[in-house]
Amino acid sequence: MMDAEGDLQLDLAGDEGEVEGFAVIDREGLRMVEALLFASAEPLSEEELCERLPQGCDIPKILADLKSTYGARGVNLVLVAGKWAFRTAEDLSYLMHRNRSDERKLSRAALETLAIIAYHQPVTRAEIEEIRGVSTSKGTLDVLLETSWIRMRGRRRTPGRPVTYGTTELFLAHFGLEAIKDLPGLEELKGAGLLDSAIPASFLVPTPDDTADLDEDEDPLEDGSLFDDDEDIDLDP
């Protein structure tokens, strides 16, 4: 008869092969991956885990087994921005609210700017203003840069060589996205009431792309070029 910890012991069985019809997990590999993920302050990719584990470890299988083991627990193993991390189960997130320090709320202008950058990246300040229909202060961009949700990618090959902006892995991690393509599409935005149901039929939500490679019309940021943006500082309405 299996004891109270029988299920867990079966999941963590150490020998290769099968036990009574159940596939057996690489116990030591699972323990090492579990320890690395718990100890890491940042999510880890399969490549990073592979570098730290002995040769022969089946990383994808170990992660799948670990994800299954934690599936019904208070913390889950999730894929965030293409990397693995333990996160509080979504249905228990309310328990964490009292332990959170008060976070600075972003202004409407900052939220609009962040959304435009996420969907239209790489995008310049002038392009953001054209989409918003109003001027965007440099202070708004500075606030978003301080959150580390956006980054300066490069410079557009146009007169003035304006800085281009894009999102970061921290943006994906904060909003629980596995990849930028997981941002809500047109129908999801409509369903959430974020878009008017009577929008023109020709309206399209751009397909976001946060690839690190520069576009053909972008130049890399040069040393010291982060601070030579001479755009005037305007205040958002």
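The rules behind these values
Residues numbered from 1 in each chain as written. Predicted model: local features only at pLDDT ≥ 70, side-chain atom pairs only at ≥ 80, totals over all residues. Heavy atoms only, no water. Pairing = 2+ DSSP bridges. Helix = DSSP H or I, 4+ residues; strand = E, 2+ residues; numbered from the N terminus. Contact = heavy atoms within 4.5 Å. Axes fitted to C-alpha atoms, helices over the stretch in contact; angles between N-to-C directions. Phe/Tyr/Trp six-rings, centres within 6.5 Å; stacked < 30°, edge-to-face > 60°. Buried < 20%, exposed > 50% of the residue type's maximum accessible area, 1.4 Å probe, protein only. Lys NZ or Arg CZ within 6 Å of the ring centre and 35° of its normal.

*Asks:* Honestly, the sheet that holds strand β8 (residues 218–220) in this entry has me stumped. Any pointers?
*Replies:* Adjacent strands of a sheet form backbone hydrogen bonds with each other and so pair up, either parallel or antiparallel. As summarised here, the arrangement of the four strands in space is β5-β7-β6-β8, forming an open sheet in which the pairing is antiparallel. In the strand order of this sheet, the two ends are held by β5 (123–124) and β8, each with one partner. Two strands pair when backbone bridges link them, and strand β6 (residues 150–156) and β8 are joined in this way by three bridges, in the antiparallel orientation. Counterpart to Arg-156 in the pairing with β8 is Glu-218. Strand contacts of helix α5 (residues 108–120): β5, β6 and β7 (163–167), with the helix running at about 90° to β7, the strand carrying the most contacts.

*Asks:* How should I be thinking about the packing of aromatic side chains in this particular structure?
*Replies:* Two descriptors summarise a pair of aromatic rings, namely the distance from one centre to the other and the angle between the planes of the rings. If you walk through the whole model with that rule in mind, you get five aromatic pairs. Between Trp-149 and Phe-175, the ring centres sit 5.3 Å apart and the planes meet at 65°, which makes this aromatic pair edge-to-face. Taken together, the residues Trp-149 in the loop between α7 (138–147) and β6 and Phe-175 in the loop between α8 (169–174) and α9 (186–191) connect sequence positions 26 residues apart. The buried category is assigned to Trp-149, whose relative accessible area is 13%. Here the aromatic cluster, defined as three or more aromatic residues joined through ring pairs, consists of Phe-38, Tyr-70 and Phe-86. Taking the ring centre of Tyr-70 as reference, the NZ or CZ of Arg-73 above it sits at 4.9 Å.

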